[in-house]
Amino acid sequence: MATPPAALAFSTDNCTIGRAMAVLGERWTFVVVREVANGIRRFDDMRRHTGMPRQVLTDRLALLVEHDILRRVAYREEGQRERHEYRFTDKGFELVPVMLAVAEWGDRYYADDDGPPVEFAHRGCGAPVEVFVRCAEGHEPAGPRDVVSRPGPGIKPFGA
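The paragraphs below set out a description of the structure included in this document. (Residues numbered from 1 in each chain as written. Predicted model: local features only at pLDDT ≥ 70, side-chain atom pairs only at ≥ 80, totals over all residues. Heavy atoms only, no water.)

1. A look at the nonpolar core
With 23 residues, the main nonpolar core has Val32, Met46, Leu61 and Leu70 as its most contacted residues. Listed by contribution, the elements that provide at least two residues to this core are α1 (16-24), α2 (27-37), α3 (43-50), α4 (54-66), β2 (83-88) and α6 (96-110). (Core = buried A, V, L, I, M, F, W, Y, C linked by side-chain atoms within 4.5 Å. Buried < 20%, exposed > 50% of the residue type's maximum accessible area, 1.4 Å probe, protein only. Helix = DSSP H or I, 4+ residues; strand = E, 2+ residues; numbered from the N terminus.)

Below is the structure:
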């Protein structure tokens, strides 16, 4: 009989992946993150660029502001009423590597035959940006099978 995975002994009630996906897991939410990362910060521009329904965009922006991922910044074009654009908070900027990892994976498996529609480059030198994993000691695992989970400081026994 095979030994069951050790993770079965621990509760998932306080899982930070689950909590993060409760905020980010809906398709349109990450589309908004992509738009802001690409410099599209105004509601009408986002709506036009994505084709997202007005109410969905309103809801996603409110969610990202509520979770301190985006902040609203007032602006006024001459002769117009005050409006707001959306900019990353520090917490929002920390999502950029996540977006890059999703883009890299999507480029590998879902790009058209011509290749991905967007590439990400280092502003300083122009070289393509890559996402990689390394441990706290500086080692790069050879592949996903070299990364294992283990109990963290906030672990709770299953059923507790």
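More follows now that the structure is in view.
2. Concerning the packing of α2 against α4
Running from N to C, α2 and α4 cross one another at 70 degrees; their axes reach a closest spacing of 9 Å. The angle between α2 and α4 places the two elements in the roughly perpendicular class. The segment α2 lies against α4, with Trp28, Thr29, Val32 and Val33 engaging Val56, Leu57, Arg60, Leu61, Leu63 and Leu64. The residue inventory of the contact of α2 with α4, partitioned by class, reads eight nonpolar, one polar and one charged. (Axes fitted to C-alpha atoms, helices over the stretch in contact; angles between N-to-C directions. Parallel < 35°, antiparallel > 145°, perpendicular 65-115°, else oblique. Contact = heavy atoms within 4.5 Å. Nonpolar A, V, L, I, M, F, W, Y, C, P; charged D, E, K, R; others polar.)

3. Concerning the side chain of glutamate 85
Looking at the element boundaries, glutamate 85 is found in strand β2. Beyond its immediate stretch of four places on either side in the chain, glutamate 85 contacts Arg41, Arg42, Arg71, Arg72, Val73 and Tyr75.

4. Brief notes about the packing of aromatic side chains
Under the counting rule described, the total for this entry stands at three aromatic pairs. Members of the aromatic cluster, joined through ring pairs, are Trp105, Tyr109 and Tyr110. Positioned over the ring face of tryptophan 28 is arginine 27, at 4.2 Å from the centre of the ring. It is arginine 42 that lies over the ring of tyrosine 75; its NZ or CZ is 3.6 Å from the centre. (Phe/Tyr/Trp six-rings, centres within 6.5 Å; stacked < 30°, edge-to-face > 60°. Lys NZ or Arg CZ within 6 Å of the ring centre and 35° of its normal.)

5. Quick look at unusual backbone geometry
One non-glycine residue, aspartate 68, lies in positive phi territory at about 60 degrees. Looking at the secondary structure, you find aspartate 68 in the loop between α4 and β1 (70-75).

6. Here's the deal with the environment of valine 148
Summarising the element assignment, valine 148 is placed in the segment after α6. Take valine 148: its relative accessible area is 69%, and that puts it in the exposed class. Put simply, valine 148 and cysteine 125 are 23 residues apart on the chain and 34 Å apart in space, counted from C-alpha to C-alpha.

7. Focus on α4
Since the α-helix advances by 3.6 residues per turn, residues separated by three or four positions end up pointing in the same direction. The end-to-end C-alpha distance of α4 is 18 Å, a good match for the 18 Å that 13 residues give at a rise of 1.5 Å each. Turning to α4, its buried residues are Val56, Leu57, Arg60, Leu61 and Leu64. Down the axis of α4, the buried side of the element spans an arc of 130 degrees, and every buried residue falls inside it. Facing away from the buried side of α4, by more than 90 degrees, are the exposed residues Gln55 and Glu66. (Expected span 1.5 Å × (residues − 1). Arc of directions from axis to C-beta.)

8. Section: the environment of serine 149
By secondary structure assignment, the location of serine 149 is in the segment after α6. Linking serine 149 and threonine 58, residues 91 residues apart in sequence, is a C-alpha distance of 37 Å.

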